[in-house]
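Overview (structure and organization)
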Amino acid sequence: MMDPTASEQERAGAFTDRALELARAIWPEVAWRRAETLRLIGEQGGMPFSIGLLNAYQAAAAITDPDEIDALLMAFLHALPLDASALDVLELEAVRARIFPMLKPAASLEAVSASMADPDRRPVYRPWEAGLVIALVLDAPDNVTYLRQCDLARWGVDFDSLLELALENLEAASEGLPLKMSQSPDEDTPSAFIVIDSGDGYDATRILLPRQRDFLAEYLGPEYLVGIPNRDFLIAFTFDLARQFAPLIRDDARQRQYPLTGQILLVTPDGVEVWRGF
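Let me begin by describing the structure that accompanies this report. None of these values were measured; they are calculated from a predicted model.

What counts as what
- Residues numbered from 1 in each chain as written.
- Predicted model: local features only at pLDDT ≥ 70, side-chain atom pairs only at ≥ 80, totals over all residues.
- Heavy atoms only, no water.
- Buried < 20%, exposed > 50% of the residue type's maximum accessible area, 1.4 Å probe, protein only.
- Helix = DSSP H or I, 4+ residues; strand = E, 2+ residues; numbered from the N terminus.
- Pairing = 2+ DSSP bridges.
- Phe/Tyr/Trp six-rings, centres within 6.5 Å; stacked < 30°, edge-to-face > 60°.
- Lys NZ or Arg CZ within 6 Å of the ring centre and 35° of its normal.
- Contact = heavy atoms within 4.5 Å.
- Polar contact = N/O pair within 3.5 Å; in protein donor to acceptor, adjacent residues only side chain to side chain.

**Brief notes about the pairing of strand β6 (residues 132–139)**
The element β6 is extensively covered by neighbouring structure, given that seven of its eight residues are classed as buried. As judged from the three bridges shared by strand β5 (residues 125–127) and β6, these two strands associate in the antiparallel manner. By the bridge assignment for β6, Arg126 is matched with Ile134. As consecutive antiparallel partners, β5 and β6 are separated by four residues, and within that stretch Ala130 has a phi angle of approximately 55°, a positive value. Where β6 meets strand β7 (residues 144–146), three bridges bridge the pair, whose relative direction is antiparallel.

Okay, here's the thing in structure tokens:
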């Protein structure tokens, strides 16, 4: 898509056209059209809105792999708070049970924030590990809406308080979660891995839950490795499986929807960090 031999205008035009294709695929209920280079117009319920693509385009400037550019664009588009106006009339008590944490690529939310003129309406998030951030979202059956600075101000709460609430809600939603487990019968090489892929949109984010990490430690040992290549997949495994799983995790992060990171994470009793094993 980003042909290095094309002119800057041609590359920007191709990027805009691809963004339009993806936006139509993600939100078919929205009437999308191209306004100009690096800008889309959407219309829903008779209300038009404009989406600037300059920051996403700049973030993709050094990428040559079309799949990686698509992944960045998908993350950017999914992070857009298209339904955020509905939050303006909602009180915290009405939505507190629907507030959840969600891991997102930092680049996607930074690009969204940079594209919004009003800083109070930018999504709130906190840096985490592996180029990811923790965002706060309002969960709905078919989508999520990102909480914004103005929502926290209107409700009179800070990020930490809402993050605590969000983690409690995710913990409650994780009770009885189905797991896929595999363990080697060889006692001398006790390889094991556990997969979480419930498909509820929060599988990777469950790595933030201390109780979930403790549960995994019961099977994998006090220290183990985790891959969260996309939003809907978490795999935890013993160290001896690292070389087998590492390329699969990298490929998944490049090819799947809602990509997160191809890096492997190390979980210890002290928390989570990027693994530097090789």
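Read on for the rest.
**Considerations on the packing of aromatic side chains**
What the rule picks out here adds up to six aromatic pairs. For the ring pair Phe193 and Phe245, a centre distance of 5.5 Å and an interplane angle of 90° mean the geometry is edge-to-face. One end of the pair, Phe193, is in strand β9 (residues 192–196); the other, Phe245, is in helix α9 (residues 242–255), with 52 residues separating them in the sequence. Through a chain of ring-to-ring contacts, three or more aromatic side chains come together here, namely Phe193, Phe237 and Phe245. Across the ring face of Tyr258, the terminal group of Arg231 is positioned such that the distance to the ring centre comes to 3.7 Å.

**Let's talk about the environment of Arg213**
On the secondary structure map, Arg213 appears in helix α8 (residues 210–220). Of the residues examined, Arg213 reaches a relative accessible area of 17% and is grouped as buried. When the C-alpha positions of Arg213 and Ala236 are compared, they lie 9.4 Å apart, and in sequence the two are 23 residues distant. Sequence-distant contacts of Arg213, defined by excluding residues within four places in its chain, comprise Ile207, Leu208, Tyr224, Val267, Gly271 and Val272. Separated by 2.9 Å, the side chain of Arg213 and the backbone oxygen of Ile207 make a polar contact.

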